[in-house]
Amino acid sequence: MKKGLTLVYTGDGKGKTTSALGLALRATGRGLKVKIYQFIKSPERTYGEKIALQKLGVEMVQLGIGFTWTKTPEEHREALKKAWPIARDTVMSGEYDLVILDELNNALAINSFPIDDCIPLKEVLEVIKNKPSHVHLVITGRDAKQEIKDIADLVSIIEPEKHYYNEGIPAVKGIEF
């Protein structure tokens, strides 16, 4: 019996999105149809992973407006209100074998406005439980809700031991973006 899995990559360490992208690469290599949504990143910036995925025929869509500290809560609220139905409908359509909801955990952890008005946790849980049986779902980002972790098939918690940011080295092109 083929069962679509739900995988969660969370924690404070670097590598959550990178893990999901590695999975997208593997799935694409095996002929699976893949779609990726990013809930925080903005389409106004260029990301190396998006450029590479386009070459492979994998669509990555930035639904956000940038880092939470660079925009007002209302700007984020409006973007996320539009983002969730798009992502939800894509998962439930069954058109894709693998759907990655990158940074969804980050969005659900926002506390500067009532996030449940934009992305109701109850709906997220319903999508996980009721997605088409062949669809694999990956959810990334810090601060995964316990309710999501409880029903996921896999939860990987990525924790930092050492990071060059602490040495004053800023984000590196090709490594972070």
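Scroll up to find the structure this text is about.
Quick notes on the rules
Within every chain, residues take consecutive numbers counted from 1 along the sequence as written. Given that this is a predicted model, residues contribute local features only at a pLDDT of at least 70 and side-chain atom pairs are listed and counted only at 80 or more, while totals for whole chains, interfaces and linings are drawn from all residues. Excluding hydrogens and water, the side-chain figures rest on all heavy atoms present in the structure. Any two strands with at least two DSSP bridges between them are considered paired. Only DSSP runs of H or I with at least four residues qualify as helices, and only runs of E with at least two residues qualify as strands; both kinds are numbered from the N terminus onward. Simply put, an axis is a line fit to the C-alpha atoms, just over the touching stretch for a helix, and the angle between two N-to-C directions goes from 0 to 180 degrees. Contacts were defined at the residue level, with two residues in contact if any of their heavy atoms lie within 4.5 Å. Only buried Ala, Val, Leu, Ile, Met, Phe, Trp, Tyr and Cys residues count toward a nonpolar core, and they belong to the same one when joined by side-chain atoms within 4.5 Å. When accessible area is computed with a 1.4 Å probe and restricted to protein chains, residues below 20% of their type maximum are described as buried, those above 50% as exposed, and intermediate ones as partly exposed. By convention in these notes, a salt bridge is any Lys or Arg side-chain nitrogen within 4 Å of a carboxyl oxygen on Asp or Glu.

Engineer: What is the right way to read the sheet that holds strand 5 (residues 136–140) from this model?
Structural biologist: Adjacent strands of a sheet pair through backbone hydrogen bonds, lying either parallel or antiparallel. With parallel pairing, six strands are arranged side by side in an open sheet as 3-2-4-5-1-6. Looking at which strands have only one partner, the edges of the open sheet turn out to be strand 3 (59–62) and strand 6 (154–157). Each neighbouring strand pair of the sheet contributes to a mean axis angle of 15°, computed without reference to strand direction. By the bridge criterion, four bridges tie strand 1 (residues 6–10) to strand 5 in an arrangement that is parallel. Each bridged residue has a counterpart across the sheet, and for V8 the counterpart in strand 5 is I139. Packing against the sheet, helix 2 (residues 48–55) makes contact with strand 2 (34–38) and strand 3, and its axis sits at approximately 150° to strand 3.

Engineer: I tried to follow the nonpolar core on my own but got confused; where do I start?
Structural biologist: The tendency in soluble globular proteins is for nonpolar side chains to be buried as a group. F39, L80, W84, L101, L104, I119 and I148 are the most contacted members of the largest nonpolar core, which totals 32 residues. Listed by contribution, the elements that provide at least two residues to this core are helix 3 (73–93), strand 4 (98–102), helix 4 (104–108), helix 5 (121–130) and strand 5. With near-sequence residues (within four places) excluded, I119 lies in contact with F39, L80, W84, L104, A107, L108 and V124. Residues L21, V34, L98 and I100 belong to the second largest nonpolar core, which totals 15 residues.

Engineer: For this particular structure, what's the right way to read the pairing of strand 5?
Structural biologist: Taken residue by residue, a regular strand's side chains alternate between the two faces of the sheet. Among the five residues of strand 5, five are classified as buried, and the element is accordingly described as predominantly covered. The alternating pattern of strand 5 places H136, V138 and T140 on one face and L137 and I139 on the opposite face, and all of these are buried. Pairing of strand 4 with strand 5 involves four bridges; the strand directions are parallel. Residue pairing in the sheet places L101 in a bridge with I139 of strand 5.

Engineer: Help me understand the pairing of strand 1 in this model?
Structural biologist: The buried fraction of strand 1 is high, at five of five residues. The two faces of strand 1 match: T6, V8 and T10 on one face and L7 and Y9 on the other face are all buried. Both strand 1 and strand 6 contribute to a ladder of four bridges, which runs parallel. Considered in strand 6, the bridge of Y9 is made with S156.

Engineer: What exactly am I supposed to notice about the pattern of salt bridges here?
Structural biologist: Opposite charge on two side chains permits them to pair, given that their charged atoms come into close proximity. Within the structure shown, the criterion is met by 10 salt bridges. Between K41 and D102 there is a salt bridge, with the nearest N and O atoms lying 4.0 Å from each other. Taken as a pair, K41 in the loop between strand 2 and helix 2 and D102 in strand 4 lie far apart in primary sequence, 61 residues in all. No difference in accessibility class separates K41 from D102, as the two residues are buried. Residue D117 pairs with R77 through a salt bridge whose shortest N-O separation is 2.9 Å. Placement of D117 in the loop between helix 4 and helix 5 and of R77 in helix 3 is noted, with a sequence separation of 40 residues between them. Taking the relative accessible area as the measure of exposure, D117 reaches 45% and is therefore partly exposed. Three or more residues joined by partner-sharing salt bridges are found here, namely K41, D102 and E103.

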